[in-house]
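# Working through the structure, step by step
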Amino acid sequence: MSAEECIKNVLEMSQLAIEWNLMTGTNGNMSVKEWDTGIIYITPAKVDYRQLTSNDIVLIYPDGRTEGIHNPSSEWKLHKTIYQHMPNISAIAHTHSPYASAFAALNMSIPAVLTETVLSLGGRINVAQFALPGSEEIGVGAVACLKERNVCLLAQHGVVAVGKNAFDTIETALNVEVAAKTTHLAMQIAQPTAIPQAAQKHLQERFMENNQ
Ligand SMILES: [Zn+2]
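Okay, so let's go over this structure. (Residues numbered from 1 in each chain as written. Predicted model: local features only at pLDDT ≥ 70, side-chain atom pairs only at ≥ 80, totals over all residues. Heavy atoms only, no water.)

### So, the nonpolar core
Grouped together as the largest cluster of nonpolar side chains are 37 residues, with contacts concentrated most on Met13, Met30, Tyr41, Leu153 and Ile170. The set of elements that each furnish at least two residues to this core consists of α1 (3-19), β1 (29-33), β5 (91-95), α3 (98-105), β7 (151-154), β8 (158-163) and α6 (166-189). When residues no more than four places from it in sequence are discounted, the contact partners of tyrosine 41 are Ala3, Cys6, Ile7, Val10, Met30, Ser31, Val32, Glu34, Ile57, Val58 and Leu59. Within the second largest apolar cluster, 21 residues are counted, among which are Ala131, Leu154, Val160 and Val162. (Core = buried A, V, L, I, M, F, W, Y, C linked by side-chain atoms within 4.5 Å. Buried < 20%, exposed > 50% of the residue type's maximum accessible area, 1.4 Å probe, protein only. Helix = DSSP H or I, 4+ residues; strand = E, 2+ residues; numbered from the N terminus. Contact = heavy atoms within 4.5 Å.)

### Considerations on the packing of aromatic side chains
Using the criterion set out here, one finds one aromatic pair in the structure. Positioned over the ring face of tyrosine 61 is arginine 65, at 4.4 Å from the centre of the ring. (Phe/Tyr/Trp six-rings, centres within 6.5 Å; stacked < 30°, edge-to-face > 60°. Lys NZ or Arg CZ within 6 Å of the ring centre and 35° of its normal.)

### Regarding the coordination of the zinc ion
On the protein side, the zinc ion has His94 (NE2), His96 (NE2) and His157 (NE2) as donor atoms, found 2.1 Å from it. Coordination of the zinc ion draws on donor residues from a single chain, spaced H-x1-H-x60-H in sequence. Note that histidine 96 is positioned in the loop between β5 and α3 and histidine 157 in the loop between β7 and β8, a separation of 61 residues in sequence. For histidine 157, a relative accessible area of 17% corresponds to the buried category. (Donors = N, O, S within 2.8 Å, 3.2 Å for Na, K, Ca; no water.)

### What about the packing of α1 against α6?
Two elements in contact, α1 and α6, have axes whose closest approach is 10 Å; the angle formed by their N-to-C orientations is 20°. With respect to each other, α1 and α6 are oriented roughly parallel. The element α1 and its partner α6 pack so that their crossing is right-handed. Touching Asn9, Met13, Leu16 and Ala17 of α1 are Ala166, Phe167, Thr169 and Ile170, all from α6. Here the residues of the contact of α1 with α6 are counted per class, giving six nonpolar, two polar and no charged. (Axes fitted to C-alpha atoms, helices over the stretch in contact; angles between N-to-C directions. Parallel < 35°, antiparallel > 145°, perpendicular 65-115°, else oblique. Left-handed = near helix turned anticlockwise from the far one by under 90°. Nonpolar A, V, L, I, M, F, W, Y, C, P; charged D, E, K, R; others polar.)

This is how it looks when you write it as C-alpha coordinates:
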(Lines give C-alpha, C1' and ligand atoms only; values in the text may rest on other atoms or scores of the structure.)
Protein backbone atom coordinates (compact mmCIF):
# COMPACT_ATOMS: atom_id res chain seq x y z
CA MET A 1 0.00 0.00 0.00
CA SER A 2 1.38 3.41 -0.96
CA ALA A 3 1.60 6.43 1.35
CA GLU A 4 -1.34 8.01 -0.52
CA GLU A 5 -3.49 4.90 0.01
CA CYS A 6 -2.63 4.79 3.72
CA ILE A 7 -3.63 8.45 4.13
CA LYS A 8 -6.84 7.88 2.13
CA ASN A 9 -7.68 4.93 4.40
CA VAL A 10 -7.16 6.97 7.59
CA LEU A 11 -9.44 9.71 6.20
CA GLU A 12 -12.09 7.15 5.23
CA MET A 13 -12.01 5.57 8.67
CA SER A 14 -12.44 9.02 10.24
CA GLN A 15 -15.35 9.91 7.94
CA LEU A 16 -17.15 6.63 8.65
CA ALA A 17 -16.59 7.05 12.40
CA ILE A 18 -18.40 10.42 12.24
CA GLU A 19 -21.13 9.09 9.90
CA TRP A 20 -21.78 6.15 12.25
CA ASN A 21 -21.79 8.39 15.36
CA LEU A 22 -18.73 6.70 16.84
CA MET A 23 -16.87 9.99 17.27
CA THR A 24 -17.61 13.65 17.85
CA GLY A 25 -15.28 16.66 17.69
CA THR A 26 -11.68 15.61 18.25
CA ASN A 27 -12.49 12.46 20.29
CA GLY A 28 -10.87 9.20 19.24
CA ASN A 29 -8.11 8.51 16.74
CA MET A 30 -7.41 6.34 13.69
CA SER A 31 -4.25 4.94 12.17
CA VAL A 32 -2.97 2.69 9.40
CA LYS A 33 0.46 1.03 9.21
CA GLU A 34 2.30 0.74 5.90
CA TRP A 35 3.58 -2.87 5.63
CA ASP A 36 6.76 -2.19 3.67
CA THR A 37 8.12 0.73 5.67
CA GLY A 38 6.49 0.30 9.10
CA ILE A 39 5.40 3.96 8.95
CA ILE A 40 2.23 4.72 10.96
CA TYR A 41 -0.22 7.23 9.46
CA ILE A 42 -2.29 8.68 12.29
CA THR A 43 -4.90 11.36 12.87
CA PRO A 44 -3.57 14.59 14.41
CA ALA A 45 -4.19 15.97 17.89
CA LYS A 46 -6.78 18.72 18.30
CA VAL A 47 -8.15 18.87 14.75
CA ASP A 48 -11.91 18.52 14.25
CA TYR A 49 -12.49 15.28 12.33
CA ARG A 50 -15.08 16.96 10.11
CA GLN A 51 -12.34 19.20 8.71
CA LEU A 52 -9.60 16.62 8.24
CA THR A 53 -7.72 16.59 4.93
CA SER A 54 -4.78 14.53 3.72
CA ASN A 55 -2.40 17.32 4.79
CA ASP A 56 -3.44 16.86 8.43
CA ILE A 57 -2.37 13.20 8.76
CA VAL A 58 0.84 12.74 10.77
CA LEU A 59 3.53 10.15 9.96
CA ILE A 60 5.34 8.26 12.73
CA TYR A 61 8.50 6.51 11.56
CA PRO A 62 9.72 3.26 13.18
CA ASP A 63 12.52 5.22 14.92
CA GLY A 64 9.93 7.50 16.56
CA ARG A 65 10.41 10.58 14.38
CA THR A 66 7.20 12.30 13.35
CA GLU A 67 6.39 14.29 10.24
CA GLY A 68 3.44 16.57 9.64
CA ILE A 69 1.97 20.00 10.27
CA HIS A 70 0.36 18.88 13.57
CA ASN A 71 1.32 16.78 16.55
CA PRO A 72 0.14 13.17 16.31
CA SER A 73 -2.91 12.12 18.33
CA SER A 74 -2.23 12.17 22.07
CA GLU A 75 -2.84 8.37 22.01
CA TRP A 76 -0.03 7.65 19.53
CA LYS A 77 1.70 5.39 22.10
CA LEU A 78 -1.43 3.21 22.24
CA HIS A 79 -1.23 2.73 18.46
CA LYS A 80 2.56 2.23 18.33
CA THR A 81 2.54 -0.33 21.15
CA ILE A 82 -0.24 -2.38 19.52
CA TYR A 83 1.55 -2.42 16.14
CA GLN A 84 4.80 -3.47 17.85
CA HIS A 85 3.19 -6.42 19.62
CA MET A 86 0.69 -7.46 16.94
CA PRO A 87 2.62 -7.65 13.66
CA ASN A 88 -0.43 -8.87 11.67
CA ILE A 89 -2.39 -5.73 12.44
CA SER A 90 -2.37 -2.84 9.98
CA ALA A 91 -5.21 -0.57 11.17
CA ILE A 92 -6.42 0.67 14.56
CA ALA A 93 -9.54 2.63 15.53
CA HIS A 94 -9.86 4.14 19.00
CA THR A 95 -13.25 5.64 19.82
CA HIS A 96 -15.30 6.87 22.77
CA SER A 97 -18.56 5.56 21.26
CA PRO A 98 -21.18 6.04 24.00
CA TYR A 99 -22.77 2.62 24.58
CA ALA A 100 -19.50 0.67 24.54
CA SER A 101 -17.88 3.39 26.67
CA ALA A 102 -20.71 3.06 29.20
CA PHE A 103 -19.65 -0.57 29.76
CA ALA A 104 -16.01 0.65 29.96
CA ALA A 105 -17.07 3.26 32.55
CA LEU A 106 -18.37 0.42 34.73
CA ASN A 107 -15.27 -1.74 34.09
CA MET A 108 -17.78 -4.25 32.79
CA SER A 109 -17.22 -6.55 29.82
CA ILE A 110 -19.89 -6.77 27.11
CA PRO A 111 -21.35 -10.28 27.48
CA ALA A 112 -21.77 -12.64 24.53
CA VAL A 113 -25.57 -12.65 24.52
CA LEU A 114 -25.99 -11.99 20.78
CA THR A 115 -24.73 -14.39 18.11
CA GLU A 116 -23.33 -11.41 16.17
CA THR A 117 -21.12 -10.50 19.15
CA VAL A 118 -19.37 -13.87 18.84
CA LEU A 119 -19.42 -14.06 15.03
CA SER A 120 -18.06 -10.58 14.32
CA LEU A 121 -16.13 -9.84 17.52
CA GLY A 122 -15.03 -13.25 18.83
CA GLY A 123 -17.19 -13.37 21.97
CA ARG A 124 -17.35 -11.47 25.25
CA ILE A 125 -15.61 -8.09 24.91
CA ASN A 126 -13.20 -7.74 27.80
CA VAL A 127 -11.92 -4.65 29.58
CA ALA A 128 -8.18 -3.92 29.61
CA GLN A 129 -6.63 -2.91 32.92
CA PHE A 130 -6.87 0.78 33.76
CA ALA A 131 -4.07 3.03 32.49
CA LEU A 132 -3.80 6.76 31.97
CA PRO A 133 -4.72 8.13 28.54
CA GLY A 134 -1.62 8.83 26.46
CA SER A 135 0.57 6.35 28.35
CA GLU A 136 2.40 3.37 26.88
CA GLU A 137 0.76 1.20 29.58
CA ILE A 138 -2.63 1.72 27.95
CA GLY A 139 -1.25 -0.02 24.83
CA VAL A 140 0.31 -2.84 26.85
CA GLY A 141 -3.02 -3.45 28.61
CA ALA A 142 -4.90 -3.42 25.30
CA VAL A 143 -2.50 -5.95 23.72
CA ALA A 144 -3.03 -8.35 26.65
CA CYS A 145 -6.80 -8.00 26.19
CA LEU A 146 -6.82 -8.46 22.40
CA LYS A 147 -5.95 -12.17 22.46
CA GLU A 148 -8.39 -13.97 20.10
CA ARG A 149 -10.35 -10.74 19.73
CA ASN A 150 -10.28 -7.78 17.36
CA VAL A 151 -11.60 -5.31 19.92
CA CYS A 152 -11.42 -4.53 23.64
CA LEU A 153 -12.62 -1.89 26.06
CA LEU A 154 -10.20 0.46 27.79
CA ALA A 155 -11.16 0.74 31.46
CA GLN A 156 -13.13 3.91 32.22
CA HIS A 157 -12.22 5.28 28.80
CA GLY A 158 -13.43 3.77 25.51
CA VAL A 159 -12.87 1.24 22.72
CA VAL A 160 -9.92 0.03 20.68
CA ALA A 161 -10.52 -2.01 17.52
CA VAL A 162 -7.77 -3.58 15.40
CA GLY A 163 -7.70 -5.27 12.01
CA LYS A 164 -5.85 -6.20 8.86
CA ASN A 165 -7.42 -3.42 6.83
CA ALA A 166 -9.00 -0.04 7.45
CA PHE A 167 -12.62 -0.88 6.55
CA ASP A 168 -12.80 -4.09 8.65
CA THR A 169 -11.32 -2.20 11.59
CA ILE A 170 -13.78 0.69 11.57
CA GLU A 171 -16.60 -1.79 10.98
CA THR A 172 -15.46 -3.66 14.12
CA ALA A 173 -15.64 -0.37 16.05
CA LEU A 174 -19.23 -0.02 14.77
CA ASN A 175 -20.10 -3.65 15.59
CA VAL A 176 -18.98 -3.28 19.20
CA GLU A 177 -21.08 -0.15 19.61
CA VAL A 178 -24.14 -1.93 18.16
CA ALA A 179 -23.50 -4.95 20.43
CA ALA A 180 -23.18 -2.68 23.47
CA LYS A 181 -26.35 -0.75 22.60
CA THR A 182 -28.51 -3.82 22.00
CA THR A 183 -27.13 -5.58 25.09
CA HIS A 184 -27.85 -2.46 27.15
CA LEU A 185 -31.44 -2.35 25.83
CA ALA A 186 -31.93 -6.05 26.58
CA MET A 187 -30.67 -5.50 30.14
CA GLN A 188 -33.44 -2.92 30.66
CA ILE A 189 -36.04 -5.65 30.05
CA ALA A 190 -34.44 -8.60 31.87
CA GLN A 191 -31.10 -10.24 32.58
CA PRO A 192 -29.89 -11.71 29.26
CA THR A 193 -28.53 -15.25 29.25
CA ALA A 194 -25.30 -16.40 27.60
CA ILE A 195 -25.35 -18.24 24.28
CA PRO A 196 -25.07 -22.03 24.84
CA GLN A 197 -21.41 -23.11 25.08
CA ALA A 198 -21.44 -25.42 22.03
CA ALA A 199 -23.00 -22.74 19.81
CA GLN A 200 -20.57 -20.18 21.15
CA LYS A 201 -17.62 -22.44 20.30
CA HIS A 202 -18.96 -22.97 16.76
CA LEU A 203 -19.42 -19.22 16.21
CA GLN A 204 -15.98 -18.54 17.69
CA GLU A 205 -14.40 -20.96 15.20
CA ARG A 206 -16.11 -19.13 12.34
CA PHE A 207 -14.80 -15.84 13.74
CA MET A 208 -11.25 -17.25 13.90
CA GLU A 209 -11.49 -18.54 10.31
CA ASN A 210 -12.52 -15.09 9.10
CA ASN A 211 -9.78 -13.36 11.10
CA GLN A 212 -6.75 -15.61 10.51
ZN1 LIG B 1 -9.46 8.05 24.15
